[in-house]
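If you want the building blocks of each chain, they are given just below.
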Amino acid sequence: MFILEDFYFRTTITNSLFEDLLHKIESIKNFGALYLCENESDYPSYYQNKTGFFLRHRFNQFKVNATPAIWNTKTLLKLIKKHRDPWDFETQSSFNALFSNKKFFCLHNKHS
């Protein structure tokens, strides 16, 4: 896993947990990414009962960021631009996500 963030997992991400996450993602319409960390924002996240994920608020300052995540590959490739450093990726892609119907989620802190 390639990480562009000063982030460390608090728990072990096992194969069974990872497979469970992938299975839940399959049912999400307009899935953008699932960040493998808890949400840190001034805006509330909305708990999704069906998946157990938190939907990141549309106006979250770093809705798109470089923390470890499971991505919809097409979404990630649309957000990556040539000559952008990781900081530009986070700021510019978060702005672009304002105008997208893609949904970005994070885990509850019991999993991160």
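Every chain is numbered independently, its residues counted from 1 as its sequence is written. Totals for whole chains, interfaces and linings use every residue, but because this is a predicted model, local features are given only for residues with pLDDT of at least 70 and side-chain atom pairs only at 80 or more, for both listing and counting. Side-chain measures were taken over the full set of non-hydrogen atoms in the model, leaving aside hydrogen atoms and water.

Numbering of helices and strands runs from the N terminus; a helix is a DSSP stretch of H or I covering at least four residues, while a strand is a stretch of E covering at least two. Inspection of the secondary structure puts Cys37 in the loop between strand 1 (31–35) and strand 2 (46–47). Exposure is judged per residue with a 1.4 Å probe applied to protein chains only, and the accessible area is read against the type maximum: over 50% gives exposed, under 20% gives buried, and values in between give partly exposed. The buried category is assigned to Cys37, whose relative accessible area is 9%. The sequence separation of Cys37 and Phe9 amounts to 28 residues, and the corresponding C-alpha distance is 7.7 Å.

This part is about the pattern of salt bridges. Every case where a carboxyl oxygen of Asp or Glu lies within 4 Å of a side-chain nitrogen of Lys or Arg is listed as a salt bridge. Summed over all chains, the structure comprises 1 salt bridge. Note that Lys24 is salt-bridged to Asp20, the shortest N-O span being 3.4 Å. Of this pair, Lys24 and Asp20 are both found in helix 1 (residues 15–25), 4 residues apart, which corresponds to roughly one turn of the helix. Judged by relative accessible area, which is 25%, Lys24 ranks as partly exposed. The exposure class assigned to Asp20 is partly exposed, which follows from its relative accessible area of 32%.

For helix 1, the set of buried residues is Leu17, Leu21 and Ile25. Angularly, the buried residues of helix 1 cover 75° about the axis, an arc narrow enough to put them on a single face. Of the exposed residues in helix 1, the ones pointing more than 90 degrees away from its buried face are Asn15, Ser16, Glu19 and His23. Packing partners of the buried residues in helix 1 comprise strand 1 and strand 4 (69–71). Relevant arc is that of directions from the helix axis to the C-beta atoms, nothing else. In what follows, a contact means two residues having at least one pair of non-hydrogen atoms within 4.5 Å.

Once that is clear, we can look at the environment of Leu107. Of note, Leu107 is situated in the segment after strand 5 (103–106). Take Leu107: its relative accessible area is 1%, and that puts it in the buried class. Sequence spacing of Leu107 and Leu34 is 73 residues, and the spatial spacing of their C-alpha atoms is 7.4 Å.

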